[in-house]
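# A look at the structure
Residues per chain, in single letters:
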Amino acid sequence: MLVAPSILSADFGRLNEEIRAICDGGADLIHVDVMDGHFVPNLTIGPVVVNAVAKVATKPLDIHLMVENNTFFVDLFAPLKPKYISFHIEEEKHPHRLIQKIRDYGISPAIVLNPHTPVETIEYLLEDLDMVLLMSVNPGFGGQKFIPTVIEKAKRLKKLIEKVNPKCLIEVDGGVGDKNICLLKEAGVDVVVAGNYVFTNASYEKAIKSLQI
Ligand code: DX5
Ligand code: ZN
C-alpha cells in the first residue's frame, strides 16, 4: 500500500518542516488538496504555496483539484510538475479532453469520484487513466468520518480496471487510518491518502509505516 499524507492537516506555520518530516518518514506521495470555495465550501492553497512545497518535497506531488474550472487549474499547477493531477468527474463536461491535456503536460491523469458517484460513470475513461481516486468522505475538510460504502465501491472498480487497464491504480481519500487499512487493502486499493491520522500522530514515520501494509 502506498501512502500519501494530505498536507491539509499539516501546521501551515511550519510547512517546510512538516513536508520534510513526512518525506523523511517514508511518505510515497505528497497529497495536496486544492479547494476553490465554489466546488467545495472551503478554500486552501494556490500555486505560490504549492511551489514552496514542491521545492522542499523529496517525494512526488499528488494534486487533488476540488474546483469548478478544472482546465484553468490544470494550467496553473502543471508547471510545478506533480506526478498526478486528479479532477472531479462531477465537475467536468469534457473529461476525456482534460485527461489528454494533463497527459500532454507529462503528468499522470486521475479522476476523483464523490461518495455518491457510481464507478460505472467512468467506465469508458478507465483505459486513459493512471489512477482513480474514490472519496471516502464528502470533499472539503480533513478529519471527517470514513464512509464504509467505499469498500464495496473499490471492489467493483477493481473488477472494471482488471478488464480494461490493470495498471490503473485505485486511491482512497478521507478518514483513512489503522482501523480501516486492512479492509482497503483487501478491496484492492493501491494508495491511501491520510491527513488527520498522520499529522495527529506523535511519530509521522510510525503512522505512515502502519498504513504501508
Ligand atoms: C478532503 C480531502 C482529503 C483530506 C483527508 O476533501 O480531499 O485529502 O485532507 O484528510 P483526513 O485523512 O483527515 O480525512
Ligand atoms: Zn484529497
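Structure shown above.
Everything numeric here is computed off the predicted structure, so don't read it as measured data. (Residues numbered from 1 in each chain as written. Chains lettered and ligands numbered in written order. Predicted model: local features only at pLDDT ≥ 70, side-chain atom pairs only at ≥ 80, totals over all residues. Heavy atoms only, no water.)

### Quick word on the coordination of the zinc ion (ligand 2)
For clarity, the threshold we go by: Distances decide who is a donor: an N, O or S atom must be within 2.8 Å of the metal, or within 3.2 Å for Na, K and Ca. Water is not included, so sites may look incomplete. Any coordination sphere not matching a tetrahedral pattern (four donors, all angles between 85 and 135 degrees) or a square planar or octahedral pattern (four or six donors, opposite donors over 155 degrees apart, other angles between 65 and 115) is reported as irregular. Numbering of helices and strands runs from the N terminus, with a helix taken as a DSSP run of H or I at least four residues long and a strand as a DSSP run of E at least two residues long.
Those protein atoms acting as donors to the zinc ion (ligand 2) are H31 (NE2), D33 (OD), H64 (ND1) and D173 (OD), and they sit at 2.1 to 2.3 Å. One way to put it: the six donor atoms around the zinc ion (ligand 2) meet at angles of 70 to 168°, and that makes the site octahedral. Read in sequence order, the donor residues for the zinc ion (ligand 2) give the motif H-x1-D-x30-H-x108-D. Note that D33 is positioned in strand β2 (residues 30-35) and D173 in strand β7 (residues 169-173), a separation of 140 residues in sequence.

### Regarding the packing of helix α3 (residues 70-77) against helix α4 (residues 95-104)
Selection rule: Angular values range over 0 to 180 degrees, each being the angle between N-to-C directions of two axes fitted as lines to C-alpha atoms, with helices fitted over their stretch in contact. The cut-offs work like this: below 35 degrees is roughly parallel, past 145 is roughly antiparallel, 65 to 115 is roughly perpendicular, and the gaps in between are oblique. By definition in these notes, contact holds between two residues if any of their heavy atoms fall within 4.5 Å. In this classification, Asp, Glu, Lys and Arg are treated as charged, Ala, Val, Leu, Ile, Met, Phe, Trp, Tyr, Cys and Pro as nonpolar, and every other residue, Gly included, as polar.
One way to put it is that α3 packs onto α4 with a least axis distance of 11 Å and a crossing angle of 5°. Between α3 and α4, the angle is such that the two are roughly parallel. Residue-level inspection shows N70, T71, V74 and D75 of α3 in contact with α4, the latter providing L98, K101 and I102. In the contact of α3 with α4, the residues fall into three nonpolar, two polar and two charged.

### Observations concerning the site of ligand 1
Heads up, the rule is: Proximity is defined per residue: any heavy atom of the residue falling within 4 Å of a molecule or strand makes that residue near it. Whenever a nitrogen or oxygen atom comes within 3.5 Å of another N or O atom, the pair is scored as a polar contact, on the condition that within protein one atom can donate a hydrogen and the other can accept it, and that pairs from neighbouring residues in sequence are kept only if both atoms are in side chains. Note on areas: Shrake-Rupley with a 1.4 Å probe; residue coverage comes only from the protein chains shown.
Taken together, 20 residues sit near ligand 1, with G140, G143, D173, G175 and G195 positioned nearest. With respect to ligand 1, the side chain of S6 contributes an N or O atom lying 2.9 Å from an oxygen atom. Here an oxygen atom of ligand 1 and a backbone polar atom of N196 are 2.9 Å apart. Here ligand 1, which alone exposes 380 Å², has 99% of that area covered by the protein. Among the secondary structure elements, those contributing two or more residues to the shell around ligand 1 are β2, β3 (61-66) and β8 (191-194). Of the residues forming the shell around ligand 1, the biggest block, three residues, is contributed by β2. Residues belonging to the shell around ligand 1 are distributed by class as follows: eight nonpolar, 10 polar and two charged.

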